[in-house]
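Reading the structure
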Amino acid sequence: LELDTFNDQWAFVAVAMVQTKGLRPKGFSAFLGNDFFLIGYRIFVRYTTNAGKRLRGLYILGSQTDKRKMEFMGNVFTHYNYTTIDISHKQTGNRIEISSVESKLHVAVETGDENVALPVGSPFADWAAARRFAGPLPFTFTYNAPKREVLIIEGVRQNWRPAPVKVLDYQVGFLESLQLKETRLANAFLVSRIPYRWKSGRTDKWQG
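Thresholds, definitions, all that
Residues numbered from 1 in each chain as written. Predicted model: local features only at pLDDT ≥ 70, side-chain atom pairs only at ≥ 80, totals over all residues. Heavy atoms only, no water. Core = buried A, V, L, I, M, F, W, Y, C linked by side-chain atoms within 4.5 Å. Buried < 20%, exposed > 50% of the residue type's maximum accessible area, 1.4 Å probe, protein only. Contact = heavy atoms within 4.5 Å. Patch = residues over 30% accessible without salt bridge, like charges linked within 9 Å, V, L, I, M, F, W, Y side chains within 5 Å. Areas by Shrake-Rupley, 256 points an atom, 1.4 Å probe, with all protein chains shown as cover. Salt bridge = Lys/Arg side-chain N within 4 Å of Asp/Glu carboxyl O. Helix = DSSP H or I, 4+ residues; strand = E, 2+ residues; numbered from the N terminus. 1 Å grid on protein atoms, 1.4 Å probe; cavity = no way out; pocket = protein on both sides within 12 Å on 5 of 7 lines; lining within 4 Å. Points joined across faces, edges and corners; volume = space filled by probe spheres on them. Nonpolar A, V, L, I, M, F, W, Y, C, P; charged D, E, K, R; others polar. Pairing = 2+ DSSP bridges.

Quick look at the nonpolar core now. Of all hydrophobic cores here, the largest spans 14 residues; its most connected members are Phe6, Phe12, Phe44, Phe124 and Phe133. Those residues in contact with Phe12 that lie beyond four places of it in its chain are Asp4, Phe6, Arg42, Ile43, Phe44, Pro123, Phe124, Phe133 and Ala186. Judged by nonpolar contacts, the second largest core, of 13 residues, contains Ile98, Val107, Val165 and Ala188.

Below is the structure:
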């Protein structure tokens, strides 16, 4: 695993806040699906398999949800390390706010402005360059230390059209706990109504 960098200088941590609808294991009937709010923390990485194939995707740092059922089921079916926290999600006009007292999280964005500027200090010169780090990235990776193997999961999605949004305010306690140095906000996007599924995971023996 290696960092997926921009201009050989910047690496990226993604914070994804997702409202799911009808989430369920493959093969289950739609009426068994559940709606959950999920927050994921991922690093942009590249991985070269034993067969020499280079893959681009995300390495999982942690995942949060608003319901214990999702924490339980998510940790049964995935290695995403779910925990349950309080999550408040509301939208007023073009303003979207997501917050959690427990996780010291508060993000407020404004949508609908096609000419919104990039965040001050962003390493990107324009939104076209920024979209390279807005997905969709096909693969997610986790590392199993006892077995010394990498689990590779491929996601399949449609209609991925990231729309730039203006960040009005943000605090992300999870990232603050990492104590990263020289961090700055690079971009923020909104994607909506995305049909999404995951293929069965496969493992690759770690050679590091």
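Back to the write-up after that little detour.
On the surface, Phe72, Met73, Val76 and Phe77 cluster together into a nonpolar patch covering about 420 Å² of accessible area. For Met73, the position within the fold is in helix H1 (residues 68-77). Assessed through its relative accessible area of 31%, Met73 is described here as partly exposed.

Its boundaries defined by the atoms lining it, the second largest pocket holds a volume of some 180 Å³. Along its surface, the second largest pocket is lined by Tyr59, Ile60, His79, Asn81, Phe141, Thr142, Tyr143, Asn144, Lys147, Glu149, Leu151 and Thr203. Of all the secondary-structure elements, those providing two or more residues to the lining of the second largest pocket are strand E4 (54-65), strand E9 (139-144) and strand E10 (149-157). It is E9 that provides the largest number of residues to the lining of the second largest pocket, a total of four residues. For the lining of the second largest pocket, the class distribution of residues is five nonpolar, five polar and two charged.

Judged from the five bridges that link them, strand E6 (residues 88-92) and strand E7 (residues 95-100) form a sheet pairing that is antiparallel. For Thr92, the partnering residue across the bridge sits in E7 and is Arg95. Linking two consecutive strands that pair antiparallel, namely E6 and E7, is a turn of two residues; a positive phi of about 60° is found at Gly93 within it.

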